[in-house]
Amino acid sequence: MGVLEIIVRVTLVTVLIKLVMATDHIVGGPNGGWDTSSDLQSWALSQKFSVGDNLIFQYPPNHNVIEVTKTDYDSCQLTKPIQTYNDGKTTIPLTSPGKKYYICGTIGHCSTGMKVEIDTTLATASSSPVESPSPQEIPIIPSPGPEGLTLTPSPSAESPSYGVPLASSPLLDTPLETPTLSPMVPSTEFTGSAASPLENHSVDQPDSSSASKVMQAAVLSYLTMIVAF
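What counts as what
- Residues numbered from 1 in each chain as written.
- Predicted model: local features only at pLDDT ≥ 70, side-chain atom pairs only at ≥ 80, totals over all residues.
- Heavy atoms only, no water.
- Helix = DSSP H or I, 4+ residues; strand = E, 2+ residues; numbered from the N terminus.
- Buried < 20%, exposed > 50% of the residue type's maximum accessible area, 1.4 Å probe, protein only.
- Areas by Shrake-Rupley, 256 points an atom, 1.4 Å probe, with all protein chains shown as cover.
- Pairing = 2+ DSSP bridges.
- Axes fitted to C-alpha atoms, helices over the stretch in contact; angles between N-to-C directions.
- Core = buried A, V, L, I, M, F, W, Y, C linked by side-chain atoms within 4.5 Å.
- Contact = heavy atoms within 4.5 Å.
- Disulfide = S-S within 2.5 Å.
- Polar contact = N/O pair within 3.5 Å; in protein donor to acceptor, adjacent residues only side chain to side chain.

Okay, the overall build of the protein next. Along the protein, the regular secondary structure elements total 6 helices and 11 strands. A total of 229 residues make up the protein; the buried ones form 23% of that total. Put simply, the protein shows about 16800 Å² of open surface, and 60% of that area lies on carbon and sulfur atoms.

Before going further, it helps to examine unusual backbone geometry. Following G29, the chain continues into P30 via a peptide bond in cis, with omega recorded as 0°. Examined against the element boundaries, P30 turns out to sit in the loop between strand 1 (24-26) and helix 2 (40-45). The backbone of C76 shows a phi angle near 55°, a positive value even though the residue is not glycine. Secondary-structure assignment places C76 in the loop between helix 3 (70-75) and strand 5 (83-85). Judged by its relative accessible area of 23%, C76 falls in the partly exposed class.

If you trace the 3 strands from one edge of the open sheet to the other, you get 1-3-6, paired in mixed fashion. On the outer flanks of this sheet lie strand 1 and strand 6 (89-93), each paired with one strand and no other. Shown here is a sheet whose adjacent strand axes are inclined to one another by a mean of 20°, direction ignored. Alignment of strand 3 (residues 54-58) against strand 6, held across 5 bridges, turns out to be antiparallel. Counted as the bridge partner of I56 is T91 from strand 6.

Attention now moves to the nonpolar core. Core analysis: the biggest nonpolar cluster contains 17 residues, and W34, W43, L55, F57, Y102, V116 and I118 have the highest contact counts within it. Those elements giving two or more residues to this core turn out to be helix 2, strand 3 and strand 8 (115-121). Of the residues forming this core, the biggest block, 3 residues, is contributed by helix 2. Setting aside its immediate chain neighbours within four residues, V116 contacts W34, L40, Q41, W43, A44, F57, Y73, K100, Y101 and Y102. Listed in part, the 6 residues of the second largest apolar core include I66, V68, Y73 and C110.

Right, let's talk about the state of the cysteines for a bit. Per the stated rule, a full pass over the model turns up 1 disulfide. In this model, C76 is linked to C110 through a disulfide, with the two sulfur atoms separated by 2.1 Å. Disulfide C76-C110: torsion about the S-S bond near -70°, hence left-handed. Here the residue C76 occupies a position in the loop between helix 3 and strand 5, and C110 occupies one in the loop between strand 7 (98-103) and strand 8, the gap between them amounting to 34 residues. Sulfur of C104: no disulfide; nearest cysteine sulfur belongs to C110 and is 8.4 Å away.

As a further point, take the side chain of D53. With respect to the helices, strands and loops of the structure, D53 is situated in the loop between strand 2 (49-50) and strand 3. Polar side-chain contacts of D53 include one of 3.0 Å to the backbone nitrogen of T23.

Right, here's the structure in full:
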């Protein structure tokens, strides 16, 4: 579907809507009419004429309605009349946009102000603008992150941050106890009279503080791995 076809269809739909909602304009009304005493020019300027509306002229037998050209309207001359009406109640539908000119054909009436210029515009369907929600009105809904982690948008950062729930671990609740290493006591029972080599050498005692530090470092590394995952 081309752009021109879309424009034509929209225009037709708009015109049909306006035809259904057509407005009847009583010329000179509500306090006047089609006569020499009404200010017809001011009345016309106060109206909005759209395609599909109707002009209603109400007048006695001594008046009539003649559609004329712009030149005849300005000079109040009937050199080329377009259409003449004299039925006393004339309804003229406005079927196209543009300006139309009407005068009274009775001698002297046009020059005294019994004429009117109608400027008809194409009806347009009014539409309300769509308001976009402001950033403050957009709700922030947490979404699940990778591996079940909770994705919580940060109001001050461009990228979201993950909140890592720290589950209670038995290792965290149980106090660490430093293992107690009992010293190895060599047996002094030897057969024979030879002196035991242990008598000439001192027994190396394990350093309990070093072993405790190694154990604590291993436990902390294990807890770090748990928190990281």
